[in-house]
Amino acid sequence: MDYQARVHKLAERLRGKRGVDALLVTHLPNVRYLCGFTGSAGVLALADGGGHSFATQAALFTDGRYTTQAREEVSGARVVVGKRNPLLEASAWLKQQRARRVGFEAEHMSFATQRHIAAALAKPAKLVPTSGLVERLRMIKEREEIEQIRAAVLLASGLFDRVLRTIRPGVREADVAAELEHAARRDGAEGMSFETIVASGSRSALPHGKASAQPIQANGFVILDFGVILAGYCSDMTRTVCMGSPSKRQAELYAAVLGAQEAAIARVSPGRTVAEVDQAARSRLQKAGLGRYFTHSTGHGVGLEIHEPPRIAKGQAEKLVPGMVITIEPGVYLPGEGGVRIEDMVVVTQSGCEVLTPTTKELIALE
Ligand code: ZN
Ligand code: ZN
């Protein structure tokens with residue numbers, strides 16, 4: 001990854017848009033994106049060295065636990081291992097650099113921390129809230145990132161095929177999740193992208209039904225929603241399977257959700273808004289009389305974080321751009337009855353999109 005190019009791009013936007021001459025990057029996925037550091041305590045400070053362009057000085061502040069790791073991982077920024085809290089060290093450094101308008105990531109910093117930093121910077125420096133600066137860069141994935149994401153998607157897809165064999169009546173949801181997570185680790189995943197969802201029977205009507213101690217019944221839907229992290233990048237997929245042969249009603253529900261999911265995927269192409277994609281799924285389900293049971297947005301961006309911009313939702317004007325990686329995951333949830341969700345990851349291409357998730361979307365019936 002070309003960290004220096006990323007910092008450079010960011011620096012241009014800083015000067016252009018915000019009129020800030022320094023930035024404190026505290027959100028760890030953003031720190032990682034800009035300099036490669038993967039530790040749990042690190043602050044990246046950027047300062048304008050003056051002149052006509054943003055002649056960036058970048059320094060990563062961390063503590064003694066990460067001396068070796070930071071030196072190995074970080075590129076494009078100098079590494080400073082301080083004795084105090086990295087944020088205070090970074091603030092002191094910015095003071096030395098004579099930074100006047102110091103941007104901070106407003107969504108990721110508490111009020112108390114802001115006050116500490118303001119005190120450390122001292123007058124006349126001013127803290128300036130910024131929002132989504134690095135996230136906007138991260139939204140458009142580079143080729144290398146797309147390949148990392150693809151690898152994470154393929155790993156998870158392989159797990160799904162194997163875990164199907166463990167799903168039988170009487171097996172607890174938690175056991176299915178445990179099998180899946182164990183296999184993920186063995187296959188080289190760094191971890192799961194989020195807490196694995198295995199929701200069976202009437203629990204499948206819970207959009208976020210974490211695997212419970214409930215045994216799977218001989219009939220009803222089972223929703224599996226999970227993802228793995230590989231080289232820092234997340235994957236996310238959902239499939240819904242049916243215990244026993246599906247009833248007419250179950251087959252109809254499943255077909256409606258699949259139709260909505262495919263309609264939304266067909267809408268994904270550069271220049272379209274995310275709201276149009278959401279609407280494609282929503283109007284399909286409305287036509288099937290299921291609109292009010294589709295209670296969440298159609299999807300979200302995925303990358304170093306499991307949920308990142310853009311949100312594929314109503315009222316969002318964001319336009320799709322090649323390189324965005326998003327999920328398409330409509331679902332319906334009928335209280336007391338059950339639910340269906342189908343989720344793929346897709347990458348926006350020059351002409352439309354490519355579906356990354358290779359797993360079949362035909363309704364699988366498990367006896
Ligand atoms: Zn998911
Ligand atoms: Zn998702």
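As recorded in an unreviewed UniProt entry, the protein goes by Aminopeptidase P family protein and comes from Candidatus Korobacter versatilis.

Draft legend 1. Spatial organisation of the side chain of Ser269. With respect to the helices and strands, the residue Ser269 is situated in the loop between helix H9 (248-267) and helix H10 (274-287). The class of Ser269 is buried, set by a relative accessible area of 15%. Among all residues touching Ser269, those that are not within four sequence positions of it are Leu320, Val348, Ser351 and Gly352.

Draft legend 2. Examining the UniProt feature "domain: Peptidase M24" (unreviewed entry) in the protein more closely. UniProt records the feature "domain: Peptidase M24" (unreviewed entry) for residues 147-350 in the present numbering. This span, residues 147-350, is 32% helix and 25% strand, and a straight line between its end C-alpha atoms measures 17 Å.

Draft legend 3. Geometry of the coordination of the zinc ion (ligand 1). Taken together, Asp225 (OD), Asp225 (OD), Asp236 (OD) and Glu343 (OE) make up the protein donors of the zinc ion (ligand 1), found 2.0 to 2.7 Å from the metal. Here the zinc ion (ligand 1) is ringed by 4 donor atoms whose angles at the metal span 53 to 149°, and the overall shape comes out irregular. Of note, the zinc ion (ligand 1) draws all its donor residues from one chain, in the sequence arrangement D-x10-D-x106-E. For the pair the zinc ion (ligand 1) and the zinc ion (ligand 2), the metal-to-metal distance amounts to 3.1 Å, and Asp236 bridges them. Placement of the pair is Asp236 in the loop between strand E11 (233-234) and strand E12 (237-243) and Glu343 in the loop between strand E17 (338-341) and strand E18 (344-348), with a sequence separation of 107 residues. Take Asp236 and Glu343: they sit in the same class, and that class is buried.

Draft legend 4. Representation of the coordination of the zinc ion (ligand 2). Only Asp236 (OD), His300 (NE2), Glu329 (OE) and Glu343 (OE) from the protein reach the zinc ion (ligand 2) as donors, at distances of 2.0 to 2.2 Å. Every donor counted, the 4 donor atoms about the zinc ion (ligand 2) form angles of 79 to 153° at the centre, which fits irregular coordination. Counting residues between consecutive donors of the zinc ion (ligand 2) along the chain gives the motif D-x63-H-x28-E-x13-E.

Draft legend 5. A look at the nonpolar core. If you look at the biggest cluster of nonpolar residues, it comprises 37 residues, and the most contacted ones within it are Leu10, Leu34, Cys35, Phe37, Leu44, Leu46 and Leu60. Among the elements that take part in this core, helix H2 (residues 28-35) stands out by supplying 4 residues, more than any other. Counting the residues that make up this core, at least three belong to each of domain 1 (3-138) and domain 2 (143-366). Apart from the residues within four sequence positions on either side, Cys35 is in contact with Tyr3, Leu44, Leu60, Glu73, Val74, Ser75 and Ala77. The next biggest cluster of nonpolar side chains, apart from the first, holds 30 residues, and it includes Cys242, Ile312, Ile328 and Val348.

Draft legend 6. Just the domain arrangement of the protein, in detail. Along its sequence, the protein is carved into domain 1 (3-138) and domain 2 (143-366). The gap between the C-alpha centroids of domain 1 and domain 2 is 35 Å. Counting residues at the interface gives 8 residues for domain 1, matched by 9 residues for domain 2. Between the two partners, domain 1 and domain 2, sit 4 salt bridges. Notably, a salt bridge pairs Glu308 with Arg138, separated by 2.7 Å at the nearest N-O pair. Seen at the junction of domain 1 and domain 2, the total is 4 residue pairs in polar contact (both at pLDDT 80 or more).

Draft legend 7. A look at the packing of helix H7 (residues 143-163) against helix H8 (residues 173-186). At their nearest, the axes of H7 and H8 sit 10 Å apart, and the two run at 135° to each other. For the element pair H7 / H8, the angle class is oblique. Here the hand of the crossing between H7 and H8 comes out right-handed. Where H7 approaches H8, its residues Leu155, Leu159, Arg162 and Val163 are matched on the opposing element by Val176, Glu179, Leu180, Ala183, Ala184 and Arg186.

Draft legend 8. Just the packing of aromatic side chains, in detail. Scanning all chains against the criterion turns up 2 aromatic pairs. Their ring planes at 90° and their centres at 5.4 Å tell us that Phe37 and Tyr66 sit as a pair that is edge-to-face. Of the two residues, Phe37 sits in the loop between H2 and strand E2 (42-48) while Tyr66 sits in the loop between strand E3 (56-62) and helix H3 (67-73), which places them 29 residues apart along the sequence. Given a relative accessible area of 1%, Phe37 falls into the buried group. For the pair Phe61 and Trp93, a centre-to-centre distance of 5.8 Å together with 55° between the ring planes defines the contact as tilted. Here the residue Phe61 occupies a position in strand E3, and Trp93 occupies one in helix H4 (residues 86-96), the gap between them amounting to 32 residues. By the burial criterion, Phe61 is buried, and Trp93 matches it.

Rules of the game
- Residues numbered from 1 in each chain as written.
- Chains lettered and ligands numbered in written order.
- Predicted model: local features only at pLDDT ≥ 70, side-chain atom pairs only at ≥ 80, totals over all residues.
- Heavy atoms only, no water.
- Helix = DSSP H or I, 4+ residues; strand = E, 2+ residues; numbered from the N terminus.
- Buried < 20%, exposed > 50% of the residue type's maximum accessible area, 1.4 Å probe, protein only.
- Contact = heavy atoms within 4.5 Å.
- UniProt positions renumbered as here; feature names shortened; annotations may be inferred.
- Donors = N, O, S within 2.8 Å, 3.2 Å for Na, K, Ca; no water.
- Tetrahedral: all angles 85-135°; square planar, octahedral: opposite > 155°, others 65-115°.
- Core = buried A, V, L, I, M, F, W, Y, C linked by side-chain atoms within 4.5 Å.
- Domains from an automatic or database assignment.
- Salt bridge = Lys/Arg side-chain N within 4 Å of Asp/Glu carboxyl O.
- Polar contact = N/O pair within 3.5 Å; in protein donor to acceptor, adjacent residues only side chain to side chain.
- Axes fitted to C-alpha atoms, helices over the stretch in contact; angles between N-to-C directions.
- Parallel < 35°, antiparallel > 145°, perpendicular 65-115°, else oblique.
- Left-handed = near helix turned anticlockwise from the far one by under 90°.
- Phe/Tyr/Trp six-rings, centres within 6.5 Å; stacked < 30°, edge-to-face > 60°.

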